[in-house]
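# Architecture at a glance
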Amino acid sequence: MAASTTTTICVNVTLRRKKCLIPRYFSFCSNTNVFTTRHMVNLNTASRCVASSEGGVFSVTSPSQFDVDYLGQSTKGDLNLNLNLGTDEEVGLQGPIEEVARMEAQGAENLLNHLGILDPLTARHSPRGIFCTRTLNLRSISAIGYDMDYTLMHYNVMAWEGRAYDYCMDNLKNMGFPVDGLAFDPELVIRGLVIDKEKGNLVKADRFGYIKRAMHGTRMLSTREVSEMYGRELVDLRKESRWEFLNTLFSVSEAVAYMQMVDRLDEGVIAEDLGPLEYKGLYKAVGKALFRAHVEGQLKSEIMSNPELFVQPDPELPLALLDQKEAGKRLLLITNSDYHYTDKMMQHSFNRFLPNNMIWRDLFDMVIVSARKPEFFQMSHPMYEVVTGEGLMRPCFKAYPGGLYSGGSAQMVENSLGIHGDEILYVGDHIYTDVSQSKVHLRWRTALICRELEQEYSALIHNESHRAKLVELINQKEVVGDLFNQLRLALQRRTKGRPAQTLAATRMDDKELTESIQKLLIVMQRLDEKIAPMLEEDGEHFNKRLDALYDPKS
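The text that follows walks through the structure, step by step, so that each part is easy to find. Owing to the predicted nature of the structure, the values given are computational and were not obtained by experimental measurement.

All right, on to the layout of surface pockets then. Reported here for the second largest pocket is a volume of approximately 1,000 Å³. Around the second largest pocket, the lining comprises 36 residues; the ones closest to its centre are Thr248, Phe250, His294, Asn336 and His430. Residue assignment for the lining of the second largest pocket shows that the elements contributing at least two residues are helix 4 (157-174), strand 15 (243-245), helix 6 (251-267), helix 7 (279-295) and helix 13 (431-442). By residue number, the principal contributor to the lining of the second largest pocket is helix 7, which donates six residues. Partitioning the lining of the second largest pocket into residue classes produces 14 nonpolar, twelve polar and ten charged.

Between its terminal C-alpha atoms helix 2 (residues 97-114) stretches 25 Å, which fits the 26 Å expected from 18 residues at 1.5 Å a residue. Positive backbone phi, at 80°, marks glycine 116, one or two positions downstream of helix 2.

In this section: the pairing of strand 17 (residues 366-369). Alternating positions in strand 17 separate into two faces, Met366 and Ile368 on one and Val367 and Val369 on the other, with burial throughout. Judged from the three bridges that link them, strand 16 (residues 330-334) and strand 17 form a sheet pairing that is parallel. Pairing of isoleucine 334 across the sheet is with isoleucine 368, part of strand 17. Since strand 16 and strand 17 lie parallel, the crossover through helix 10 (residues 339-350) that links them has a hand, and here it is right-handed.

The omega angle of the peptide bond from lysine 373 to proline 374 is 10°, so this bond is cis rather than trans. Note on placement: proline 374 falls in the loop between strand 17 and helix 11 (375-378). We note that tyrosine 150 has phi near 60°; this positive angle belongs to a residue other than glycine. With respect to the helices and strands, tyrosine 150 occurs in the loop between strand 10 (143-146) and helix 4. Relative accessible area serves as the criterion here: at 4%, tyrosine 150 is assigned to the buried category. For serine 370, which is not glycine, the phi torsion reads 45° and is therefore positive. The class of serine 370 is partly exposed, set by a relative accessible area of 24%.

Counting across every chain of the model gives twelve aromatic pairs. Ring geometry for tyrosine 150 against tyrosine 155: centres 5.1 Å apart, planes inclined by 80°, an arrangement best described as edge-to-face. By relative accessible area, tyrosine 155 is classed as buried at 0%. Judged by centre distance (4.9 Å) and plane angle (65°), the rings of tyrosine 150 and phenylalanine 250 are edge-to-face. Of the two residues, tyrosine 150 sits in the loop between strand 10 and helix 4 while phenylalanine 250 sits in the loop between strand 15 and helix 6, which places them 100 residues apart along the sequence. Clustering of aromatic rings is evident, with ring pairs tying together Tyr150, Tyr155, Trp160 and Phe250. Taking NZ or CZ as reference, arginine 163 lies 4.9 Å from the ring centre of tyrosine 167, over its face.

About the criteria used
Residues numbered from 1 in each chain as written. Predicted model: local features only at pLDDT ≥ 70, side-chain atom pairs only at ≥ 80, totals over all residues. Heavy atoms only, no water. 1 Å grid on protein atoms, 1.4 Å probe; cavity = no way out; pocket = protein on both sides within 12 Å on 5 of 7 lines; lining within 4 Å. Points joined across faces, edges and corners; volume = space filled by probe spheres on them. Helix = DSSP H or I, 4+ residues; strand = E, 2+ residues; numbered from the N terminus. Nonpolar A, V, L, I, M, F, W, Y, C, P; charged D, E, K, R; others polar. Expected span 1.5 Å × (residues − 1). Buried < 20%, exposed > 50% of the residue type's maximum accessible area, 1.4 Å probe, protein only. Pairing = 2+ DSSP bridges. Right-handed = clockwise from strand over helix to strand, strands pointing away. Phe/Tyr/Trp six-rings, centres within 6.5 Å; stacked < 30°, edge-to-face > 60°. Lys NZ or Arg CZ within 6 Å of the ring centre and 35° of its normal.

If you want it as structure tokens, here you go:
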């Protein structure tokens, strides 16, 4: 992806329930709350602004003196003007605030355009955005923690997951499974879907757990088949023996392999000497084959040997983190990857883009490798300090700022930095491990990296005219349908000898009432014939098989 213009956000502002533009790599999300694409944001805090104000013009509200604003948000970190610059007239701000704000906003928009930075209205049509579903007060954030894989490290999905798939298939072949003729198809699966291990299906559920679409193996099931198979059954992720949620892009290779092997099982080509396999047992076999590839280290060794084939470095990303650090934010790297892999990948993606001979370690106040998330957020594990470049470690019982550690726990990090709970924003790509558990157990604020939103948001924008026509037809049907229902109710009351809802409806003669109902029914049927294929076409702009991942209709 081409590099984009870097936009700096000065964080004595608050991200509210809306979309904001940020530079390339990912956007923000608070508590399953901010969905993010893969753009990196510059979180320049008020301290950055103060640092550039030599005359003491501004002061910052301290943690011990903060108040609560009219939105119920902490004022910690707010910029305060120390100097009396005179009256509104003297500084050119006379008049009603509505007029002053309108003029200033117009000037700000012109200056943004002159600087080559998208203004907020234009930015709404860009997939490079921050999507907030809850107010995120960046002034109160003291530390920002990052996951590495698929967060700071942007992998080429086709390359990374494709090789994971290849290793998985090699292991399945060695186990006796028929895999000849199969190839990795990343379009088959998207994150957020759920595997039904009992039925060999891949399902898309709405926010309430009702199954809206499903595939058996690689075959899409019709609406009728889905209804007959599941009815009103809900997806219950607590039943881990049956349902497997695809939390991360690392799930793609496993899910593709499983769905393809379901086809082979249905075809009856899996040898009987492998045992009486059913769909659940087949899922275990695929998982075992992929796990073996990871445990044996073949995949990561190949990636470390040729990182340029698997990683897409972003020159703006290290600089964005540097901006955050210089702005006073404490940066943390908390990853499940081991030290050698982390060091190799971060060197490749970060060091060459940092100024003044900095290295990636210089960005972070603390680095935790082999963190064992989600247990890292749930309980305490032994902690080891990495003391040499070769990865030699020694036991330790307390973390210190600037340290490099293996294992440990989130509480150790909090105690070391002297900050807790919602003062920490954690950014990751794993819906459960990164976002859910850090929120549930520690009340950390969270940001989810959701690169799928890039494509879906682009589809929304590019398909805007088609969707506008579709919405217009749906609105017309709603009006026609409302009249149809009212007239049908009037006719129903008339047959029971009761007056209609209104005097005018009561005065309609039987012929007029019946003909109107018939005409409206025909109109609605013809609208349905027009709307149905348009809805199908609209969904195909997102995913040929499964429609939009984040579907407002569901």
